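Structure assessment
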Amino acid sequence: MIDNWTKSREYLERAKRSLAGGVSSPFRAKAPVPLYFRNGCGARLEDVDGNEYIDYVLAWGPMILGYRHPAILEAMRRQAELPADYGAQHELEFLVSEQIQKLMPCAELTAFTSSGSEACQIAFRLARAFTGRDVILKFEGHYHGWMDGALISYKPTAGHVGALEHPNCVTGSRGQTRNSVENFVVAPWNHIDLLARIVDANRNRIAAVVMEPVLCNSGCILPHAGYLEQVRELCNASGILLIFDEVITGFRLSLSGAQQFYHVIPDIATFGKAVGGGAPLSGVAGRREILMQMFDGGVAFGGSFNGNSVSMASSHATLMELDRNGGAALAHANAMGRQLMDGIRQIASRKNVPIVVSGFGAAFAIHFTEKTGLADYRDTLEDNSGRLQQFLYRALEQGLHILPDGRMYVSAAHTPRDIEETLARLDTVFSGLP
Ligand SMILES: Cc1ncc(COP(=O)(O)O)c(C=O)c1O
């Protein structure tokens, strides 16, 4: 059997001798072959063996405009000639926060940090300080970063989830402080009646309800019609803040994220990934009096790299490109993605492979399942993971780079030709599935 990835495998072995696991995030070790890349442009990546891929990973989301976008390259290059970091104020910080204020309905004010995990941490702290309550209600299967105070009931096994009416609150890692669970209540997503009961049972304890408004980290599942509005009303009625974690949906589902797309405005939103266009940047946006607690309400916040000038330059260029022509770039990414979703459904149906393709154009996931639709995390527990592994391996052989959970991100750089070529290759992949 020909191995297309001899150099990547060699590099992995070498890297393992000095770099823990040979990769910079254990999530990346889950790929069928952890590839080493040497270049990329637009929607294409090239690995160290010289294989070219049509890429649907987008570096796990940030590369919304594709690789080496000229405007981002130019902005970063210009900034790289200047100090890379000041640890103090500079013009790009407020230029970018003004762009976010213009684009994100909830953003009366914004604060920047470097990763989505940090953004969620400060969002939870602000909510607790504002309400004087300790508990965050989160949903099963939703991801808000890897910190002790956030990694709760992210991927509990079928044996650990507990009753649907009262899901268990489960830590996600060995070494995580066990009492992290005491600050959380977990609910199943997309079930408004169950949520209302859980909120009622925890009356006056819950500071905030946090969710991915589209459940991207567990299969790109959409909210039921009216669900987000109902959650908003429930929060209003109970003095609970609503936090949308828009680290994936922000600047992707629409220019203004899920809050604009679904017309439900949270009190706080976190964002990351796409906002930096590939440079490390994240942030929190929301109501003025909530964010101002960092300055007049005793809420601590910091970060050596907050407002890093190269990240800000990249973000400024990214947001300008996304905002151009009434948001044409994202409209294109989403249209390309929808075309791909439809094409994949048609191929699978022709080959009699039962699948569900869920999500929106620019982010969606393929589920190998007998189910006809998915409403929450528990529905994904029946996915055939063995078949997904075979699919991913064959897709990689065909030059298609897809996330290890079957998720696919589509960028503004994907062309109709990329989509056509991808579907032709997927036809071969599906034919080869046992
Ligand atoms: C919805 C969501 N929130 C938070 C995070 C954490 O972001 P980061 O990996 O930048 O820390 C992620 C990362 O995938 C995410 O998808």
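A brief look at the structure comes next. Quick caveat, the model's predicted, so the values are computed rather than measured.

The rules behind each value
- Residues numbered from 1 in each chain as written.
- Predicted model: local features only at pLDDT ≥ 70, side-chain atom pairs only at ≥ 80, totals over all residues.
- Heavy atoms only, no water.
- Helix = DSSP H or I, 4+ residues; strand = E, 2+ residues; numbered from the N terminus.
- Expected span 1.5 Å × (residues − 1).
- Core = buried A, V, L, I, M, F, W, Y, C linked by side-chain atoms within 4.5 Å.
- Buried < 20%, exposed > 50% of the residue type's maximum accessible area, 1.4 Å probe, protein only.
- Contact = heavy atoms within 4.5 Å.
- Near = heavy atom within 4 Å.
- Polar contact = N/O pair within 3.5 Å; in protein donor to acceptor, adjacent residues only side chain to side chain.
- Areas by Shrake-Rupley, 256 points an atom, 1.4 Å probe, with all protein chains shown as cover.
- Nonpolar A, V, L, I, M, F, W, Y, C, P; charged D, E, K, R; others polar.
- Pairing = 2+ DSSP bridges.
- Axes fitted to C-alpha atoms, helices over the stretch in contact; angles between N-to-C directions.

1. What about helix α6 (residues 227-238)?
Here α6 spans 17 Å end to end across 12 residues, near enough to the 16 Å set by a 1.5 Å rise per residue. Following α6 by one or two positions, Gly-239 adopts a phi angle in the positive range, close to 65 degrees.

2. A look at the nonpolar core
With 45 residues, the main nonpolar core has Leu-137, Phe-139, Leu-195, Val-209, Met-211, Tyr-227 and Val-231 as its most contacted residues. Every element with two or more residues in this core is listed here: β5 (135-139), β8 (184-187), α5 (192-201), β9 (206-211), α6, β10 (241-245), β13 (356-360) and β14 (363-367). Ranked by residues supplied to this core, first place goes to α6 with five residues. In contact with Val-231, not counting residues within four places along its chain, are Ile-192, Leu-195, Val-209, Met-211 and Leu-242. Counting residues in each nonpolar core, the second largest holds 28 residues, with Val-410, Ile-419, Leu-423 and Phe-430 among its members.

3. Some points on the site of the ligand
The environment of the ligand is made up of Ser-115, Gly-116, Ser-117, Tyr-143, His-144, Gly-145, Glu-212, Asn-217, Asp-245, Val-247, Ile-248 and Lys-273. Within the backbone of Tyr-143, a nitrogen or oxygen atom sits 3.3 Å from a nitrogen atom of the ligand. The contact in question runs from a nitrogen atom of the ligand to an N or O atom on the side chain of Asp-245, over 2.7 Å. Look at the ligand: alone it shows 390 Å² of surface, and the protein chains cover 83% of it. A class-by-class count of the residues in the shell around the ligand yields three nonpolar, six polar and three charged.

4. Focus: unusual backbone geometry
The phi angle of most residues is negative, glycine excepted, and most peptide bonds adopt the trans form. A positive phi angle, near 65 degrees, is found at Asn-204, a position not held by glycine. As for its position among the elements, Asn-204 is in the loop between α5 and β9. Taking relative accessible area as the criterion, Asn-204 reaches 59% and is therefore assigned exposed. For Asn-325, which is not glycine, the phi dihedral falls at a positive 50 degrees. With respect to the secondary-structure elements, Asn-325 resides in the loop between α10 (309-323) and α11 (328-350).

5. What about the sheet that holds β8?
Across the sheet, which stays open at both edges, the seven strands sit in the order β4-β12-β11-β10-β9-β5-β8 with mixed pairing between neighbours. Two strands lie at the open edges of the sheet, namely β4 (109-113) and β8, each paired on one side alone. Averaged over all pairs of adjacent strands, the angle between their axes in this sheet comes to 20 degrees, without regard to strand direction. Across four bridges, β9 lies against β10 in parallel orientation. Across the sheet, the residue bridging to Val-209 is Leu-242, located in β10. Where helix α3 (residues 91-103) meets the sheet, it contacts β4 and β11 (268-271), and its direction lies at approximately 125 degrees from that of β4.

6. Observations concerning the environment of Ala-300
Mapped onto the fold, Ala-300 is located in the loop between α9 (293-296) and α10. Sequence-wise, Ala-300 and Phe-364 are 64 residues apart; in three dimensions their C-alpha atoms are separated by 37 Å. Ignoring any residue separated from it by four or fewer positions in sequence, one finds Ala-300 in contact with Ile-122 and Arg-125.

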